[in-house]
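# Coordinate analysis (summary)
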Amino acid sequence: MDSLLEKYLGVIEATRDKRGAQAIPLLRDADVSKLLAAHHPDYRKEAYRPIAFGPNAGEQTVHELAALLEADSPLVAKPANLSRVDYEVDVLVLGGGGAGATAALKAREAGASVLVATKLRLGDSNTVMAEGGIQVAIKEDDSPVQHFVDAMHGGHYENDPRLLKVMVEDGPFAINWLDSLGVLFDRDDDGNLKVKKGGGTSRARLLACKDYTGLDMMRVLKDSVLNEDSIRIIEFAPAIELLTDAEGTVTGAVLQNLDVDQRIVVRAKSVVMATGGIGRLHIQNFPTSNHFGATGDALPLCYRVGARLAFPGTFQYHPTGAIYPEQMAGLLVTEAIRSGGAHLVNKNGERFVNEMEARDVVCAAIIRECAEGRGVTTPFGRQGVWLDIPVIDVVNGTGVVKRRYPGMLRKYERHGINISTQPVLIYPTLHYQNGGVAIGTDGQTAIAGLYVAGEASGGLHGTNRLMGNSLLDIIVFGSRAGLAAARRAKEVAFGELGTKHLEAFHKQMAKAGVKPTRTSPLMLPDYVRRPEAEAAG
Ligand code: MEZ
């Protein structure tokens, strides 16, 4: 057995019965506020600064995002030849994850010609990284209203209520659609959909495909896109700039072919931005649960054409990211495991928070335990606490962990750890951007021709998203954005392709005294440069 585990296994096993009998009450709102202010990373003043110019000028965000927003367009150093148009389509979808695939399918269904351009391969996205489930109110004891109330409370009442209303009400239809496409949601022996509870919710309303829900959803969405012959797909071609006409309407985009150093010019009547989140920016040096391409590309691209961001300063640090073994650092250990009864345990064998609090609360409590000396240090110097997964089998009978969490079991097995019998070490991992581009209920932005769906958008989740609401978000708003983009395409002609918006952007930049030293979007994480930067101090 591993020496780290050997040292602590005794205390974890010896305290299990006592811990199991302990009822930890949910914190009162006033105590939640205190805990967050003291320990949640969103409250670390030194990690934040005001954005220097643009639609969100003066608002606080993390240094990493501010730098992206204030960086220059790659087209300045190397302009694209806009007179040679490579593709002309009704709807250009940027991003090949769940939101992008849904938008493409719905736009096509509505009669639009569609091109999907994606940075990596179709399906490479945070959608496939979402494990525990999708929230939707479908059971008799539940309702969209109850779902709305839970999400509002979880988001600290900052959520845009118009967006949230649409999501909870469209939810059951979204599930019907996924079911009809072939998503294999877990069912009981009578064939009824099974539900479980997520953190911060008053009802069990998570539908799941074991512990690989997002992966199964993406499987069918991807197949559906591939089966739709008329949807064109370009892989390894991220967008590097949006194109606009003289009125500032979005009329297309320039893509970068990653295989050969070549620009691709697309003219479109509508553009749906669905490029996902920002985890690979490793905000505040956190490890991340995100996929390799999650570099927040939508944010600078939309910002440069004048779109405002909602909540640019709030991020989700998923409470249970793996920290040991080192090769797994940042990988998600699904919340479904806490929902199944696992305990969070400090080095003294004590539980210290109700495991079913909302994510930001659990995250802050774990950080507090480590900051106050009750954490465990890994051989690589990471601090964390134990997630006692074996207690699930102790309480429910041998084999439950294996049956419910085959994905987690396999990930740890590769490193010689059996989660049915061995607790694992965890610490918060950067998981989700709560904020993003401000949208209306059809994914429309304030910029004509530009729609945003999924994690790239902001407002729906307030300042803290609840588990499973992202998988619902991508389907509901992917659909709405795809349909609205197709409707617009029927009503407008193709526009001229230009970069006049960059002139306005540069004027604001100069007025703020900012001299850009880099370009955005980042496209790929800069791991190669990181050690040099650290060495330089
Ligand atoms: O919504 C999520 O982020 C999710 C389902 C994550 C998880 O813990 O499994």
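A few points on the structure. (Residues numbered from 1 in each chain as written. Predicted model: local features only at pLDDT ≥ 70, side-chain atom pairs only at ≥ 80, totals over all residues. Heavy atoms only, no water.)

Scanning the chain for helices and strands turns up 18 helices and 20 strands. Taking 537 residues into account, the globule formula puts the C-alpha radius of gyration at 24 Å, and the chain, at 23 Å, falls close to it. Looking at the chain as a whole, 60% of its 537 residues are labelled buried. A separation of at least 24 residues holds for 74% of the contacts in the chain among residues at least 6 apart in sequence. Accessible surface for the chain amounts to roughly 20,900 Å². Of this, 51% is attributable to carbon and sulfur atoms. (Helix = DSSP H or I, 4+ residues; strand = E, 2+ residues; numbered from the N terminus. Rg over C-alpha atoms; globule rule 2.2 N^0.38 Å. Buried < 20%, exposed > 50% of the residue type's maximum accessible area, 1.4 Å probe, protein only. Contact = heavy atoms within 4.5 Å. Areas by Shrake-Rupley, 256 points an atom, 1.4 Å probe, with all protein chains shown as cover.)

Further remarks concern the pairing of strand 9 (residues 239-244). Taken residue by residue, a regular strand's side chains alternate between the two faces of the sheet. Across the six residues that make up strand 9, a large majority, six, are buried. Sheet analysis places strand 9 next to strand 10 (residues 250-257), joined by five bridges and oriented antiparallel. Bridge pairing in strand 10 places Leu242 opposite Ala253. Hairpin connection between strand 9 and strand 10: a loop of five residues separates the two successive antiparallel strands, and Gly248 in this loop has a positive phi of roughly 90°. (Pairing = 2+ DSSP bridges.)

Near the ligand, the surroundings consist of Glu131, Gly132, Gly133, His318, Leu332, Thr334, Glu335, Arg359, His431, Arg465, Met467 and Gly468. In this structure, an oxygen atom belonging to the ligand sits 2.8 Å away from a main-chain N or O atom of Glu335. Between Arg465 and the ligand, the recorded distance is 2.8 Å, taken from a side-chain N or O atom to an oxygen atom. Looking at the shell around the ligand, its residues break down into two nonpolar, six polar and four charged. If you count residues domain by domain, the shell around the ligand takes at least three from each of domain 1 (3-39 + 319-430) and domain 2 (74-315 + 433-500). (Near = heavy atom within 4 Å. Polar contact = N/O pair within 3.5 Å; in protein donor to acceptor, adjacent residues only side chain to side chain. Nonpolar A, V, L, I, M, F, W, Y, C, P; charged D, E, K, R; others polar. Domains from an automatic or database assignment.)

Checked against the element boundaries, Val305 lands in the loop between helix 10 (298-304) and strand 12 (309-310). With 250 residues separating them along the chain, Val305 and Pro55 place their C-alpha atoms 9.7 Å apart.

Read across the sheet, three strands follow the order 12-18-20 without closing on themselves; strand pairing throughout is mixed. Pairing within the sheet leaves two strands with one partner each, and these edge strands are strand 12 and strand 20 (457-458).

A word on helix 17 (residues 500-511). The end-to-end C-alpha distance of helix 17, which contains 12 residues, comes to 17 Å, matching closely the 16 Å that a straight helix rising 1.5 Å per residue would cover. Of all the positions in helix 17, only His501, Leu502, Phe505 and Met509 are classed as buried. Viewed end-on, helix 17 has its buried residues packed into an arc of 95°, placing them on one side of the element. Facing away from the buried side of helix 17 by over 90 degrees, the exposed positions are Lys507, Ala510 and Lys511. Buried residues along helix 17 sit against helix 4 (63-69), strand 9 and helix 10. One or two residues past the end of helix 17 sits Gly513, with phi positive at roughly 75°. (Expected span 1.5 Å × (residues − 1). Arc of directions from axis to C-beta.)

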